[in-house]
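# Examining the three-dimensional arrangement
Each chain, written out:
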Amino acid sequence: MTVLGLGCAQLGNLWRERSDAQARAIVDAAWECGIRSFDTAPHYGLGLSERRLGAALAHRPRAGFTVSTKVGRLLEPVDGAGDDLADGFAVPRTHRRAWDFSRDGVRRSLEASLDRLGLDRVDVALLHDPEFQPEAALRHGFPALAQLRAEGVVGAIGAGSKDAGVLTRLVTECAPDVVMVAGRYTLLEQPAASALLPACAAAGVAVIAAGVFNSGLLAEDVPRAGLHYEYGDAPAALVERASAIAAVCASFGTTLPAAAIAFPGRDPCVTAVVLGADDADQVRRNAALFAAPPPAALWPALRSRGLL
């Protein structure tokens, strides 16, 4: 069974500012929709996402939800002015990110995350973007997480990345419980299907699908120029392909976002789909689409047209 989780990058002011009340409304809407899994990271708004998520969940029963966060980037205070929009977040640049997959770095990162979240443990801890320092992440970062798991500070461990290759290495060379694949097993593109998903099936590793809208291109019923792909403007060829998929979806009485949400969960390894949301209404829309998947006949129709 695949469950729906809330991706919390927007709580860290992804692309634009949101008030504390708006961020709280996103989490409250998720809870009202039955969502009990929340994914965050220090990277998201230089810790703002974790602080806001922790505050929003503080009055909820701890046994009633799961939180995943990430390690690999330490937040170091800086005296510089300006904002963090170069890294995608509309927050003051009070810290800089420093890569650190060492044992000490992983422990310091998690301790800081627990403090921001107001928790004494997290349910899932992931190496964040290990493709930038793969040897350090796999040789030092992962054993550090395994030690924290043994100590009971974290539950499941693994990595989150948009690089299917490095996740495949993790699965075959280490012993993760879970991987989060971002944007590489979507309705638009499926590079994770060739090696990562078979490796996960063989090793019994759970898969969390994130970035299923490919940063925004698949998030609207009718794709258009100017929507994001990989956090930049979508190339014309991909807009055209997404438009062709959307037309087939419409012919089956469904929508492109509904199909994008449903697609990853068709693989038995995928145990969760994590979706971000700009506001509370988008949370509710996503939850409604998740609860009403497209007809099964859509998938062979897309394959027959070379669109899947």
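Look up a bit, the structure's there.
What comes next is a walk through the structure. All values derive from a computational prediction rather than experimental measurement. (Residues numbered from 1 in each chain as written. Predicted model: local features only at pLDDT ≥ 70, side-chain atom pairs only at ≥ 80, totals over all residues. Heavy atoms only, no water.)

## Focus: the overall build of the protein chain
Counting its secondary structure elements, the protein chain contains 10 helices and 14 strands. For 308 residues, the compact-globule estimate of 2.2 N^0.38 gives 19 Å, and the C-alpha radius of gyration of the protein chain, at 19 Å, lies within 12% of that figure. Taken over the C-alpha atoms alone, the protein chain extends approximately 55 × 45 × 40 Å along its principal axes. Going through the 308 residues of the protein chain one by one, you find that 54% of them count as buried. Considering only contacts within the protein chain whose residues lie at least 6 apart along the sequence, 73% involve residues at least 24 apart. When the accessible surface of the protein chain is split by element, carbon and sulfur atoms take 54% of a total near 12500 Å². Side chains of the protein chain give 30 positive and 34 negative charges; the mean places of these two sets differ by 3 Å. (Helix = DSSP H or I, 4+ residues; strand = E, 2+ residues; numbered from the N terminus. Rg over C-alpha atoms; globule rule 2.2 N^0.38 Å. Buried < 20%, exposed > 50% of the residue type's maximum accessible area, 1.4 Å probe, protein only. Contact = heavy atoms within 4.5 Å. Areas by Shrake-Rupley, 256 points an atom, 1.4 Å probe, with all protein chains shown as cover. Lys, Arg positive; Asp, Glu negative; His and termini not counted. Charge placed at Lys NZ, Arg CZ, Asp CG, Glu CD.)

## Here we look at the pattern of salt bridges
Counted by the stated rule, this structure contains 25 salt bridges. When the shortest N-O distance is used, the salt bridge between R96 and E76 registers 2.7 Å. Placement of R96 in strand 7 (residues 95-99) and of E76 in strand 4 (residues 73-77) is noted, with a sequence separation of 20 residues between them. Note on R96: relative accessible area 38%, which makes it partly exposed. Among the ionic pairs, E189 bridges to R184, the shortest N-O distance being 3.9 Å. In terms of burial, E189 and R184 fall into one category: buried. Here the residues in one salt-bridge network are E135, R139, R169 and E173, joined through shared partners. (Salt bridge = Lys/Arg side-chain N within 4 Å of Asp/Glu carboxyl O.)

## A short note on the environment of A23
By secondary structure assignment, the location of A23 is in helix 1 (residues 20-32). Along the chain, A23 and P223 lie 200 residues apart, while their C-alpha atoms are 27 Å from each other. Other than its neighbours up to four places away in sequence, A23 contacts L11 and R52.

## A look at the side chain of N214
Locating N214 in the fold gives a position in the loop between strand 11 (206-210) and strand 12 (228-229). Overall, the relative accessible area of 2% leaves N214 in the buried class. Look past the residues within four positions of N214 in its chain and what remains in contact with it is G183, T186, L188, E189, H228, Y229 and E230.

## Brief notes about the pairing of strand 1 (residues 3-7)
Counting buried positions along strand 1 gives 4 out of 5 residues, so the element sits mostly inside the fold. Sheet topology places strand 1 next to strand 14 (residues 270-275); 4 bridges connect them, and they run parallel. Following the sheet pairing, V3 is matched in strand 14 by A272. Judged from the 2 bridges that link them, strand 1 and strand 2 (residues 37-39) form a sheet pairing that is parallel. (Pairing = 2+ DSSP bridges.)

## Some points on the packing of aromatic side chains
To describe a pair of aromatic rings, you give the distance between the ring centres and the angle between the ring planes. Summed over the entire model, instances satisfying the criterion amount to 7 aromatic pairs. With a centroid separation of 6.5 Å and 10° between ring planes, the pair formed by W31 and F38 is classed as stacked. Residue W31 shares its accessibility class with F38, and that shared class is buried. The ring of W31 carries the charged tip of R36 above its face, separated from the ring centre by 3.8 Å. (Phe/Tyr/Trp six-rings, centres within 6.5 Å; stacked < 30°, edge-to-face > 60°. Lys NZ or Arg CZ within 6 Å of the ring centre and 35° of its normal.)

## Side note on the packing of helix 2 (residues 48-57) against helix 3 (residues 103-117)
When two helices pack together, you describe them by how their axes are tilted relative to each other and by the distance separating the axes. Put simply, helix 2 and helix 3 touch, their axes get as near as 7 Å, and they point 45° apart. Of the possible angle classes, the one that applies to helix 2 and helix 3 is oblique. For the pair helix 2 and helix 3, contact is made by E50, R51, L53 and G54 and by S113, R116 and L117, respectively. (Axes fitted to C-alpha atoms, helices over the stretch in contact; angles between N-to-C directions. Parallel < 35°, antiparallel > 145°, perpendicular 65-115°, else oblique.)

## Notes on helix 5 (residues 164-173)
Because the α-helix completes a turn every 3.6 residues, residues three or four places apart line up on one side. Within helix 5, the full set of buried residues consists of A164, V166, L167, T168, L170 and V171. Buried positions along helix 5 lie against strand 8 (122-128), helix 4 (134-151), strand 9 (154-161), strand 10 (178-182) and helix 6 (196-203). Where helix 5 starts, the residue carrying a side-chain oxygen 2.9 Å from the main-chain nitrogen of G165 turns out to be D163. (Polar contact = N/O pair within 3.5 Å; in protein donor to acceptor, adjacent residues only side chain to side chain.)

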